[in-house]
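# Structural description and commentary
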Amino acid sequence: MQKTVLNEEHRRSGARMVDFAGWEMPLHYGSQIEEHHAVRRDAGMFDVSHMCAVDVAGDDARAFLRRLLANNVDRLQLPGKALYSTMLNEAGGVIDDLIVYHLGEEDFRIVINAATAANDLRWMTARRDEWGLAVTISARREGADALAMIAVQGPQARQKVWQALPECQPASAALQPFFAATVGEHLIARTGYTGEDGYEITLPAAQAVRLWQRLAEAGARPCGLGARDTLRLEAGMNLYGQDMDESVSPLDAGLAWTVDLAAPRDFVGKAALLAKPQQHRFLGLLLLDRGVLRAHQRVDSAHGPGEITSGSFSPTLQQSIALARLPLPAAVGDVVQVSVRDRPLAARVVKPCFVRNGSILV
Amino acid sequence: MNIPTDLKYTRSHEWVRIEADGAISVGITDHAQELLGDLVFIELPEPGRELAAGQEAAVVESVKAAADVYSPLSGSVIENNAVLADSPELVNQDAYAAWLFRIRPASVAELDGLLDAAAYQEIVAAA
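For clarity, every value in this text was computed on a predicted model and none was experimentally measured.

### A look at the overall build of chain A
- On a plain count of helices and strands, chain A comes out with nine helices and 22 strands.
- In terms of C-alpha radius of gyration, chain A reaches 20 Å, essentially the compact-globule figure of 21 Å for 362 residues.
- In terms of overall dimensions, chain A has C-alpha extents of about 55 × 50 × 40 Å along its principal axes.
- Looking at chain A as a whole, 49% of its 362 residues qualify as buried.
- Considering only contacts within chain A whose residues lie at least 6 apart along the sequence, 67% involve residues at least 24 apart.

Here it is as structure tokens:
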């Protein structure tokens, strides 16, 4: 199993380690619910070094990404701007979802998922070669160039980062959401996967232990993948492999807002999306009865069947919530039945963003 | 690993306490609660329900997963620990205090089929 440079730190903090896509990662450090609340109320930190940073650079970097990604990389004009996108196959299925950071005119960094990284890199390299473009694609996960990533999230997250990295405060304090700044060897991005304010910090792997310890001294609570999952679910953010995969169109996974079909440019999967428009609505469910919604449970609505793609207990709402693929006519406010352990339970259809910046939205 | 010696156990990670009145209390072991993580929902059997040994009697759900709790013995349910409906975290805090349900056993002979602490310890160690 692969380990991040913070593995020993996690063990020292009493983490329960699990296999996540071939990486030994912390599930929690005692209580995932307390970690969840720490992020909503104060600040938590996550080791996300299992995700893969990939540098895409060269004369044709922008032209390459324009064709590779479903979102339009031409939306990245200002230095440091970040863009969320899917990468599709020819059939319009989602190979991965990712964030692209615009570091310089022909210099981009993409962060891809751990489980899909090897496949993504093969795909990207093959497309580059097929299109004959002058682009270097460099995964930054091994050797002397290896990077680590730490996400610090929560209403107090930015203050804790400034306490741990005072030299980064001037540049990072000025960042708008979804922008990043390079300070020395650190890339500090005002992005995240929790629905809270905070930063995602990318830095040389050799410096990660020191930063982790300084963040802990500043009061950022170590949080595992368990809390990361309930936080992103409450924030209505998709998880690759669960809410979408190569067999699912981004239009059916609530990601139409990330697909640019209007611009004249062509991109992989565009023809398939135009030929097969949206088939499902991707919405939230709030369980009205007692129980816990889980992925793959069947949903019965007045408009036909649907399926839960992610479900859990929401520590903030203190009830179960889910993301679900529902028939197209389904709408916010509908009451549907979910088969939970062979029993029909009532759930209300809601917008898929349950919690944002500490506030309940449903 | 916390495995009190005054209790009996099952291979499926339930604990059994024989009460003074001859009833038995049933819960899940500390090992089981640790594997599950934070519990968020518990479904308990209603008093009067007749259970066979090994039958699904309750459900405990954590943030991560759902698990069935099996009746260690045959008998009828005489009481459930209703406080757990609103405070499932009590099982995480003290798995041996947070009993789930009590049974009037149909036959005390079935008690002989349960594991003692040493035998349960071996099962946990081998897992």
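### Quick look at the overall build of chain B
- Within chain B, the secondary structure is distributed over four helices and nine strands.
- In terms of C-alpha radius of gyration, chain B reaches 13 Å, essentially the compact-globule figure of 14 Å for 127 residues.
- Counting only C-alpha atoms and orienting by the principal axes, one finds that chain B spans roughly 35 × 30 × 25 Å.
- In chain B, which comprises 127 residues, the proportion classed as buried is 43%.

### Overview of the sheet that holds strand S12 (residues 186-189) of chain A
Residue and element names in this part refer to chain A.
- What the six strands build is an open sheet, ordered S11-S12-S13-S10-S4-S14; its pairing is mixed. Across the chains shown, the open sheet's two edge strands, defined by having one partner strand only, are strand S11 (180-183) and strand S14 (221-222).
- Relative to S14, strand S4 (residues 44-47) runs parallel, the two sharing two bridges. Within the sheet, the bridge partner assigned to Gly44 lies in S14 and is Arg221.
- Taken strand by strand, helix H5 (residues 157-164) contacts strand S10 (147-153) and strand S13 (198-204), and its axis lies near 30 degrees from that of S13.
- Contacting S4, S10, S13 and S14, helix H7 (residues 208-217) crosses the sheet at an angle of about 15 degrees to S10.

### Some details on the interface of chain B and chain A
- Listed as interface residues are nine residues of chain B and, on the opposing side, 12 residues of chain A.
- Put simply, the parts of the chain that give the side of chain B that touches chain A at least two residues each are strand S4 (39-43) and strand S6 (56-62) of chain B.
- In terms of residue class, the side of chain B that touches chain A is built from five nonpolar, one polar and three charged.

### Quick look at the UniProt feature "modified residue: N6-lipoyllysine" (unreviewed entry) in chain B
- UniProt's feature table lists "modified residue: N6-lipoyllysine" (unreviewed entry) at B:Lys64, given in the numbering used throughout.
- Inspection of the secondary structure assignment puts B:Lys64 in the loop between S6 and strand S7 (66-70).
- Residue class for B:Lys64 comes out buried when judged on the 23 C-beta atoms lying within 10 Å of it.
- Apart from the residues within four sequence positions on either side, B:Lys64 is in contact with A:Gly226, B:Leu36 and B:Gly37.

### Observations regarding helix H8 (residues 225-234) of chain A
All names here are of chain A.
- A large share of H8 lies buried, amounting to eight of its 10 residues.
- Gly226, Ala227, Arg228, Asp229, Thr230, Leu231, Leu233 and Glu234 are the residues of H8 that are buried.
- At the exit of H8 stands Gly236, carrying a positive phi of roughly 70 degrees.

### Thoughts on H7(A)
All names here are of chain A.
- Taken together, the buried positions of H7 are Ala208, Leu211, Trp212 and Leu215. Buried residues of H7, viewed axially, fall in a sector of 100 degrees; they line one side. Seen from the buried face of H7, the exposed residues on the opposite side, beyond 90 degrees, are Arg210 and Glu217.
- On its buried face, H7 sits against helix H1 (7-12), S4, S10, H5 and S13.
- Taken from the residues just after H7, Gly219 is the one with a positive phi, measuring 105 degrees.

### Looking at the UniProt feature "domain: Lipoyl-binding" (unreviewed entry) in chain B
- On the UniProt side, "domain: Lipoyl-binding" (unreviewed entry) is annotated at positions that read residues 23-104 of chain B here.
- Split by type, residues 23-104 of chain B is 20% helix and 41% strand. Its first and last C-alpha atoms lie 5 Å apart.

### Topic: the nonpolar core
- A:Leu65, A:Val100, A:Met149, A:Ile150, A:Val152, A:Leu285 and A:Leu293 are the most contacted members of the largest nonpolar core, which has 130 residues in total.
- Setting aside anything within four residues of it in sequence, one finds A:Leu285 in contact with A:Leu293, A:Ile308, A:Ile321, A:Ala322, A:Ala324, A:Val338, A:Ala347 and A:Val349.

### Some words on the packing of helix H2 (residues 32-41) of chain A against H8(A)
Residue and element names in this part refer to chain A.
- Running from N to C, H2 and H8 point in directions that differ by 55 degrees, and their axes come no closer than 8 Å. If you check the angle between H2 and H8, you find them oblique. The chirality of how H2 crosses H8 is right-handed. In this structure, H2 contributes Gln32, Glu35, His36 and Val39 to the contact, and H8 contributes Gly226, Ala227, Thr230 and Leu231.
- Within the contact of H2 with H8, the residues separate by chemical class into three nonpolar, four polar and one charged.

### Notes on the pairing of S13(A)
Residue and element names in this part refer to chain A.
- Most of S13 sits inside the fold, with six of its seven residues counted as buried.
- Summarising the sheet, S10 and S13 pair through seven bridges and their orientation is antiparallel. Bridging from a neighbouring strand, Ala151 pairs with Glu200 of S13.
- With three bridges connecting them, S12 and S13 associate as antiparallel partners. Among the inter-strand pairings, Ile188 is bridged to a residue of S13, identified as Ile201.

### Quick word on the sheet that holds strand S6 (residues 82-88) of chain A
Residue and element names in this part refer to chain A.
- Taken in spatial order, the five strands of this open sheet run S6-S7-S8-S5-S9, and their pairing is antiparallel. In this open sheet, the two strands that pair with only one neighbour each are S6 and strand S9 (136-139). Put simply, the sheet's adjacent strands are angled 30 degrees from each other on average, direction ignored.
- With six bridges connecting them, strand S5 (residues 52-57) and strand S8 (residues 107-112) associate as antiparallel partners. Paired with Asp55 across the two strands is Arg109, which belongs to S8.

The rules we used
Residues numbered from 1 in each chain as written. Chains lettered and ligands numbered in written order. Predicted model: local features only at pLDDT ≥ 70, side-chain atom pairs only at ≥ 80, totals over all residues. Helix = DSSP H or I, 4+ residues; strand = E, 2+ residues; numbered from the N terminus. Rg over C-alpha atoms; globule rule 2.2 N^0.38 Å. Buried ≥ 20, exposed ≤ 12 C-beta atoms within 10 Å, placed from the backbone. Contact = placed C-beta atoms within 7 Å. Pairing = 2+ DSSP bridges. Axes fitted to C-alpha atoms, helices over the stretch in contact; angles between N-to-C directions. Nonpolar A, V, L, I, M, F, W, Y, C, P; charged D, E, K, R; others polar. UniProt positions renumbered as here; feature names shortened; annotations may be inferred. Arc of directions from axis to C-beta. Core = buried A, V, L, I, M, F, W, Y, C linked by C-beta atoms within 7 Å. Parallel < 35°, antiparallel > 145°, perpendicular 65-115°, else oblique. Left-handed = near helix turned anticlockwise from the far one by under 90°.

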